[in-house]
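This is what each chain is made of:
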Amino acid sequence: MNWFTKMFSSSIGQKLIVALTGLFLCTFLVVHAMGNLALFKSDNGMSFNLYTVFMTTNPFIKVVSYLLYASVIFHAFKGLHLIYKNRQARPVQYGMVNGKANSHWTSRSMGVLGTIMLVFIVVHMSNFWFEYKFGYIPYVQYTENISTGEVSGMPYVDEAGNPKQIKKKMEEFVIGDNKITIVKDLYAEVAEEFENPLLVGLYVFAMFAVAFHLFHGFKSGFQTLGLNHPRYNQAIQFIGTWVFAIILPALFAAMPLYFFLVK
Amino acid sequence: MSGDMNVTLKVWRQKNNNDRGRFETYPVQGVSPDMSFLEMFDILNERLITEGKEPVAFDHDCREGICGMCSMFINGRPHGPLQGVTTCQLHMRSFKNNDTIVVEPWRAKAFPVVKDLAVNRSAFDRVMSSGGFISINTGNAQDANSTPIGKDDADMAFAAATCIGCGACVAACKNASAMLFVSAKVSQFALLPQGQPERKQRVLNMVAQMDAEGFGSCTNTGACEAECPKGISISNIARMNRDFIGTQLSMQKV
Ligand code: HEM
Ligand code: SF4
Ligand code: FES
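Quick notes on the rules
- Residues numbered from 1 in each chain as written.
- Chains lettered and ligands numbered in written order.
- Predicted model: local features only at pLDDT ≥ 70, side-chain atom pairs only at ≥ 80, totals over all residues.
- Heavy atoms only, no water.
- Helix = DSSP H or I, 4+ residues; strand = E, 2+ residues; numbered from the N terminus.
- Buried < 20%, exposed > 50% of the residue type's maximum accessible area, 1.4 Å probe, protein only.
- Contact = heavy atoms within 4.5 Å.
- Pairing = 2+ DSSP bridges.
- Axes fitted to C-alpha atoms, helices over the stretch in contact; angles between N-to-C directions.
- Patch = residues over 30% accessible without salt bridge, like charges linked within 9 Å, V, L, I, M, F, W, Y side chains within 5 Å.
- Areas by Shrake-Rupley, 256 points an atom, 1.4 Å probe, with all protein chains shown as cover.
- Salt bridge = Lys/Arg side-chain N within 4 Å of Asp/Glu carboxyl O.
- Buried area = accessible area lost by both parts, 1.4 Å probe.
- Polar contact = N/O pair within 3.5 Å; in protein donor to acceptor, adjacent residues only side chain to side chain.
- Core = buried A, V, L, I, M, F, W, Y, C linked by side-chain atoms within 4.5 Å.
- Domains from an automatic or database assignment.
- Nonpolar A, V, L, I, M, F, W, Y, C, P; charged D, E, K, R; others polar.
- Arc of directions from axis to C-beta.
- Phe/Tyr/Trp six-rings, centres within 6.5 Å; stacked < 30°, edge-to-face > 60°.
- Donors = N, O, S within 2.8 Å, 3.2 Å for Na, K, Ca; no water.

*Asks:* Go over the overall build of chain B, please, and point to the residues and values.
*Replies:* Secondary structure summary: chain B contains 8 helices and 7 strands in total. Dimensions along the principal axes, computed over C-alpha positions, put chain B at roughly 65 × 40 × 35 Å. Here chain B holds 254 residues, and the buried ones make up 53% of them. Put simply, of all contacts in chain B between residues at least 6 apart along the chain, 69% involve residues at least 24 apart.

*Asks:* Help me get a handle on the sheet that holds strand 1 (residues 139–145) of chain A, residues and values and all.
*Replies:* Residues and elements named next belong to chain A. Read across the open sheet, the 4 strands follow the order 2-1-4-3; overall the sheet is antiparallel. In the strand order of this sheet, the two ends are held by strand 2 (151–155) and strand 3 (170–175), each with one partner. The mean angle between the axes of side-by-side strands here comes to 20°, regardless of whether they run parallel or antiparallel. One ladder, built from 7 bridges, connects strand 1 with strand 4 (residues 178–184); its direction is antiparallel. By the bridge assignment, Thr 143 is partnered in strand 4 with Ile 180. Strands strand 1, strand 2, strand 3 and strand 4 of the sheet are contacted by helix 3 (residues 46–57), whose axis makes an angle of about 60° with strand 4.

*Asks:* Hey, could you go over a nonpolar patch on the surface for me, with residue numbers and the actual values?
*Replies:* A cluster of nonpolar side chains, Phe238(A), Ile239(A), Trp242(A), Ile246(A) and Ile247(A), forms an exposed patch at the surface whose accessible area comes to about 480 Å². Here Trp242(A) lies in helix 9 (residues 233–262).

*Asks:* For the interface of chain B and chain A, give the residues involved together with the corresponding values.
*Replies:* Facing the 48 residues of chain B at the interface are 33 residues of chain A. Of the roughly 3,300 Å² buried between chain B and chain A on both sides combined, carbon and sulfur atoms contribute 57%. Three residues stand out in chain B for area buried against chain A, namely Arg107(B), Asn220(B) and Gln248(B), and they jointly supply 17% of the buried area on that side. Across the chain B-chain A interface, the total number found is 0 salt bridges. Counting every contact that joins chain B to chain A gives 22 residue pairs in polar contact (both at pLDDT 80 or more). For the side of chain B that touches chain A, the element with the highest residue contribution is helix 8 (residues 235–250) of chain B, accounting for 10 residues.

*Asks:* Now, about the nonpolar core: what can you tell me, with residues and values included?
*Replies:* Soluble globular proteins tend to bury their nonpolar side chains together. Counting residues in each nonpolar core, the largest one holds 45 residues, and the members touching the most others are Phe111(B), Val170(B), Leu180(B), Val182(B), Phe215(B) and Met240(B). Those elements that provide at least two residues to this core are helix 2 (11–36) of chain A together with helix 2 (122–129), helix 4 (168–172), helix 5 (179–190), helix 6 (199–212) and helix 8 of chain B. It is helix 5 of chain B that contributes the most residues to this core, 6 residues altogether. Both domain 1 (5–114) and domain 2 (121–136 + 144–250) of chain B contribute no fewer than three residues apiece to this core. Beyond its immediate chain neighbours, meaning those up to four positions away, Leu180(B) contacts Cys169(B), Cys224(B), Glu225(B), Cys228(B), Ile232(B), Ser233(B), Ile234(B) and Ile237(B).

*Asks:* How would you summarise the domain arrangement of chain A if you had to cite specific residues and measurements?
*Replies:* Residues and elements named next belong to chain A. Splitting chain A by domain gives domain 1 (14–89 + 104–135 + 189–262) and domain 2 (139–184). The C-alpha centroid of domain 2 is placed 33 Å from the C-alpha centroid of domain 1. Interface area for domain 1 against domain 2, summed over the two sides, is near 890 Å², with a carbon-plus-sulfur share of 62%. Together, Met 46, Asn 49 and Tyr 132 form the three largest contributors to the area buried by domain 1 at its contact with domain 2, with a combined 53%. Put simply, domain 1 and domain 2 have 0 salt bridges between them. In terms of residue count, helix 3 provides more of the side of domain 1 that touches domain 2 than any other element does, 6 residues in total. Looking at the side of domain 1 that touches domain 2 residue by residue, the classes come out as 4 nonpolar, 5 polar and 1 charged.

*Asks:* Which residues make up the sheet that holds strand 2 (residues 22–31) of chain B, and what values do they have?
*Replies:* Residue and element names in this part refer to chain B. Within the open sheet, the 5 strands sit side by side as 2-1-5-3-4. Their pairing is mixed. Only two strands of the sheet have a single partner each, and these edge strands are strand 2 and strand 4 (77–78). Alignment of strand 1 (residues 5–13) against strand 2, held across 8 bridges, turns out to be antiparallel. Of the residues in strand 2, the one forming a bridge with Trp 12 is Phe 23. Against the sheet, helix 1 (residues 37–50) makes contact with strand 1, strand 2, strand 3 (73–74) and strand 5 (100–104), and its axis sits at roughly 100° relative to strand 2, the strand it touches most.

*Asks:* Can you lay out helix 2 of chain B for me, pointing to particular residues and giving the numbers?
*Replies:* All names here are of chain B. Those residues of helix 2 that sit buried are Ala 123, Phe 124 and Val 127. What you see down the axis of helix 2 is that its buried residues fit within an arc of 100°, all on one side. The inward-facing, buried residues of helix 2 abut helix 4, helix 5 and helix 6.

*Asks:* Go over the packing of aromatic side chains with me, naming the residues and quoting the values.
*Replies:* All names here are of chain B. Enumeration over the complete set of coordinates arrives at 27 aromatic pairs over all chains. Seen in terms of ring centroids, Phe 37 and Phe 41 are 5.8 Å apart; in terms of plane orientation they differ by 50°. Their pairing is tilted. Residue Phe 37 and its partner Phe 41 are located together in helix 1, separated by 4 residues, close to a single helical turn. The pair Phe 37 / Phe 41 is uniform in exposure class, with both members buried.

*Asks:* Go over unusual backbone geometry with me, naming the residues and quoting the values.
*Replies:* Residues and elements named next belong to chain B. One non-glycine residue, Arg 63, lies in positive phi territory at about 55°. Classification of Arg 63 as partly exposed rests on a relative accessible area of 26%. Non-glycine residue Asn 220 carries a positive phi angle of around 60°. Tracing the backbone through its elements, the reader meets Asn 220 in the loop between helix 6 and helix 7 (223–227).

*Asks:* Tell me about the coordination of the iron atom of ligand 1, and please be specific about residues and values.
*Replies:* Bound to the iron atom of ligand 1 are the protein donor atoms His75(A) (NE2) and His213(A) (NE2), situated 1.9 to 2.0 Å from the metal. We classify His213(A) as buried; its relative accessible area is 10%.

And the structure:
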């Protein structure tokens, strides 16, 4: 074994993989939440649909997204593999354990919380990512009046009212005073999916799992990297709790709830 | 005597490492609240001996909280309900009259049960002999002040060096991880000038031995720190992670 494989097959090295991928996924969550705020705009989904085109065509974002898929797979596999190995480190269980006397339940439940998230990620990807890439998404046509800035949207259909398609994800052109944008209407897909109370329930439930996973996970990742210092620990704990365990999951949970309750 | 207590013990009995083991229940009467937990076991064992039965095997040595031998997992926690004490420093006044108390050995693959509550902790010794030392040519000790050491570093090294190798950290950890112990032993040298020449090789060797012994990895639950009778901080674990990762990335030897 060379030093590199030796390093990553040691117990500390394996945790390093979980921590690096986990913290990378944390940065993804921030970007994902910020971008999806476009869902809350009352513009018939125009900014959200344009944002979707950007996220699926920009080469830099594409590279990062493949890194993300790899990270989720490595993270989930390594995390669960470590749990399996750690079970073997205690072949005979205690008759009585008082875990809450010495540790927070989130830190003892990372595998369960992660598995809920994994199920969610699969459902979520097949709902939107798969549909967008391989499924059928109708197009919408936005007409923006260049002088007044007024935008209206309507389904992109022929005279008989049948949905029309274009080859690309988006097309833009100007006719007279109007700027026409024809784009895949993922926004409508989102609105439709979130009419299903079961799906909305799953999304909200999964966001609790995210919150509890990151309540422990964010600060734990820093500790694994060796970053534990009295001058910074409070800040790490604060960001982990407020940003990653409260604000982000609340924002994500608000999206399905907004469509289900308000729209 | 008035004020004496009665307790019911549910104790793990296991003849040897091949025996599967089981809990057995023993009522113990006339326990003074001022007795230590081990003295309460002495009463039980004297009774068992007079009854011609096998006494409960448990480890102990100093009975003053410094040797780290008295490993007992009491009511779901290493060394019982108090923080910062070993079992020998736990007193019966920490329990109530008529309590049922569950007592088990440390449970970890790396700590096989020898008999009843006594486990074999020589895995720790092997970790120590893999790197928990400094190699010096003996001779006259040099003047104490000839190697100046900053106050912060001296304090942290002293704090790490108070680890008594009791194994409560392993017992408390849901992963049976030895990271707190090993990191304390790595840190007490890593913080001092005398530890520098062998610093890189030491952390590699001790982590490798820790893994070879079959301890689990670290989920950073903090249970070890909370249960450590000497209050060893998990900042030592972060230091060991830093040292290990930094060494792996910077060793001259490929
Ligand atoms: C967006 C998704 C996710 C993020 C941001 C994330 C983040 C993190 C972070 C920061 C850690 C702490 C790493 C450390 O302790 O060093 C962690 C630990 C962990 N994660 Fe995730 N995670 C995600 C998804 C998942 C999934 C899908 C699974 C598995 C099915 C999972 C399983 C685990 C496990 C088991 C641990 C604890 C490993 C251990 O300490 O032994 N995570 N996660
Ligand atoms: S670190 Fe604490 S709990 Fe672990 S062996 Fe040392 S003294 Fe015992
Ligand atoms: S018997 Fe020595 S520490 Fe308890």
